[in-house]
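Fold and contact review
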Amino acid sequence: MRNRSGLIWTLVLLVVVLGGWGVWLHAQSAGDPVVEAFKVVEVASVADAIEQLYGTKNYMSQDIRPLFKTKFVGRAATVSMTKYENKEGGAPTTPMIEGVDNAPAGSVFVMGVEDGASYGVIGGLMGTTLKFRGVAGAVVDGSARDLPQLNRLQFPVFSAGVAPGTTIGHYRAARNVAVTCGGVKVNPGDIVSADEDGVVVIPREKEAEILKKAQALDFSEHSTYPFIEQTKSLAEAVKKFGRI
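Okay, so let's go over this structure. Within any chain, residue numbers begin from 1 and follow the written order of that chain's sequence. Since the coordinates come from a predicted model, pLDDT governs what is reported: local features require at least 70, and pairs of side-chain atoms require 80 or more to be given and counted, while whole-chain, interface and lining totals use all residues. Calculation of side-chain values draws on the structure's entire complement of heavy atoms; hydrogens and water are dropped beforehand.

**A word on the packing of helix 5 (residues 94–101) against helix 6 (residues 124–132)**
This is how the line gets drawn: Helix axes are fitted to C-alpha atoms over the stretch in contact, other axes to C-alpha atoms as well, and angles between N-to-C directions run from 0 to 180 degrees. Runs of H or I in DSSP of at least four residues are treated as helices and runs of E of at least two as strands, each being numbered from the N terminus. Any angle that falls under 35 degrees is termed roughly parallel, while one over 145 is termed roughly antiparallel, one within 65 to 115 roughly perpendicular, and all others oblique. The contact definition used throughout considers only heavy atoms, calling two residues in contact when any of these lie within 4.5 Å. Residues are sorted three ways: Asp, Glu, Lys and Arg are charged, Ala, Val, Leu, Ile, Met, Phe, Trp, Tyr, Cys and Pro are nonpolar, and all the rest, Gly among them, are polar.
Contact geometry for helix 5 and helix 6: axes closest at 9 Å, N-to-C directions at 30 degrees. Here helix 6 runs roughly parallel to helix 5, going by the angle between their axes. Counting all contacts with helix 5, which are made through Met-96, Val-100 and Asp-101, the residues of helix 6 involved are Met-126, Thr-129 and Leu-130. Split into classes, the residues belonging to the contact of helix 5 with helix 6 amount to 4 nonpolar, 1 polar and 1 charged.

Here it is as structure tokens:
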């Protein structure tokens, strides 16, 4: 019995030492079937679906790029950062910290930042907290900093660049509000899908229709590849599948 207890505690310690990797990998919106379905659809197909259905472009600016190759999907937990030059210390940005500490497992942390390119609006401390909370990833309309820590954690971040500056003394924050990130409006609870092509936002009230259309486009796209490999003709592929 003593040996078995020792083994149990060893396994518990091993989980802690490994840094919660399994928690992050397996706690991403489990039980949300719509989010799970979007995880296997490419961002480009979702962007095309939204444009074909509604005539709008709901993908973020090409300036919002990943720090490293990644893919994630989750519902938005939002923070807004507006310029506010002050000498009040960290008080004006307290809602940002609260937003980090309350971000649900499986969510995507989204920050809309006014003129954020010169500031490291997300860094090692925030990234570590979000990672260990099981957050799927972060998308920020500003720069990132503390890249050695973010890369060590392999916590996925899309940002507008890299800069060493702090937001303290320059911003005030609000959380759980609609934000504009990368030129796109994001409401709390909207689905955010990100991969190497960029970031697209799926409005919650339209997600079922968008999913159905995106799945159809994705299937068509992947069915076209082997056809082109055989025929060596893009024109024939477009004639058959009707998509480019």
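The discussion continues.
**A word on the nonpolar core**
Burial of nonpolar side chains together is a common tendency in soluble globular proteins. Short version of the rule: For this analysis, a nonpolar core means a set of buried residues of the types Ala, Val, Leu, Ile, Met, Phe, Trp, Tyr and Cys, connected via side-chain atoms within 4.5 Å. The buried label applies to any residue whose accessible area, calculated with a 1.4 Å probe on protein chains only, is under 20% of its type's maximum; exposed applies above 50%, and partly exposed to all values in between.
Core analysis: the biggest nonpolar cluster contains 24 residues, and Met-81, Phe-109, Met-111, Ile-122 and Leu-130 have the highest contact counts within it. Those elements that place two or more of their residues in this core are strand 2 (72–83), helix 5, strand 3 (108–122), helix 6, strand 4 (137–144), helix 7 (147–153) and strand 7 (171–175). With 6 residues, the single largest contributor to this core is strand 3. Once residues lying within four places of it in the same chain are set aside, the contact partners of Phe-109 are Ala-77, Val-79, Gly-99, Val-100, Met-126, Leu-130, Val-135, Gly-137, Ala-138 and Val-139. Core analysis: the second largest hydrophobic core is formed by 18 residues, Val-41, Val-43, Ala-49 and Ile-210 among them.

**Remarks on the layout of surface pockets**
Defined as follows: In this analysis a 1.4 Å probe is tested at points of a 1 Å grid over the protein atoms alone, and where it fits but cannot get out there is a cavity; an open set with protein on both sides within 12 Å along at least five of seven lines is a pocket; lining residues have an atom within 4 Å of a point. Grid points are joined across faces, edges and corners, and a volume is the space filled by probe spheres set on the points.
Approximately 310 Å³ is the volume found for the largest pocket. Surrounding the largest pocket, 19 residues form its lining, Met-96, Gly-123, Leu-125, Met-126 and Arg-145 being those nearest its centre. Of all the elements in the fold, those that place two or more residues in the lining of the largest pocket are helix 5, strand 3 and helix 6. Along the lines of polarity and charge, the residues of the lining of the largest pocket split into 8 nonpolar, 8 polar and 3 charged.

**Some remarks on the side chain of Asn-86**
Let me state the cut-off plainly: Here a polar contact is recorded for every N or O atom pair within 3.5 Å, except that within protein the pair must consist of a potential hydrogen donor and a potential acceptor, and residues adjacent in sequence are included only if both atoms are side-chain atoms.
The topology assignment puts Asn-86 in the loop between strand 2 and helix 5. Here Tyr-84 takes part through its backbone oxygen, which lies 2.6 Å from a polar atom of the side chain of Asn-86. Here Asn-86 is in contact with Pro-92, Gly-169, His-170 and Tyr-171, once residues within four sequence places are set aside.

**Considering the environment of Arg-152**
You can see Arg-152 is positioned in helix 7. Spatially, the C-alpha atom of Arg-152 lies 9.7 Å from that of Gly-124, the residues being 28 residues apart in sequence.

**Notes on unusual backbone geometry**
With a phi angle near 50 degrees, Asp-115 is a residue other than glycine that sits in the positive phi range. Classification of Asp-115 by relative accessible area gives exposed; the value is 57%. Positioned with a positive phi, Asp-146 is a non-glycine residue whose angle comes to about 60 degrees.

**A closer look at the packing of aromatic side chains**
To keep it simple, the criterion reads: For Phe, Tyr and Trp, rings pair up if their centres lie within 6.5 Å, where Trp contributes its six-membered ring, and each pair is then called stacked (planes under 30 degrees apart), edge-to-face (over 60) or tilted (otherwise).
Tallied over the full model, the rule gives 3 aromatic pairs. The interplanar angle of 80 degrees and the centroid separation of 5.7 Å between the aromatic rings of Phe-72 and Phe-158 together place this pair among those described as edge-to-face. Of this pair, Phe-72 sits in strand 2 while Phe-158 is found in strand 5 (residues 157–159), placing the two residues 86 residues apart along the sequence. Judged by relative accessible area, Phe-72 falls into the buried class, the value being 3%.

**Things to note about the environment of Val-177**
The topology assignment puts Val-177 in the loop between strand 7 and strand 8 (179–181). For the pair Val-177 and Ala-77, spaced 100 residues apart in the sequence, the C-alpha separation amounts to 8.8 Å. For Val-177, the residues in contact, after removing those within four places along its chain, are Thr-78, Ser-80, Val-186 and Pro-188.

**Quick word on helix 5**
This is how the line gets drawn: Think of it as the arc spanned by the lines of direction from the helix axis to the C-beta atoms.
Pro-95, Met-96, Gly-99 and Val-100 are the residues of helix 5 that are buried. The arc enclosing the buried residues of helix 5, seen along the axis, measures out at 145 degrees, which places them on a common side. On the buried face of helix 5, the contacting elements are strand 2, strand 3, helix 6 and strand 7.

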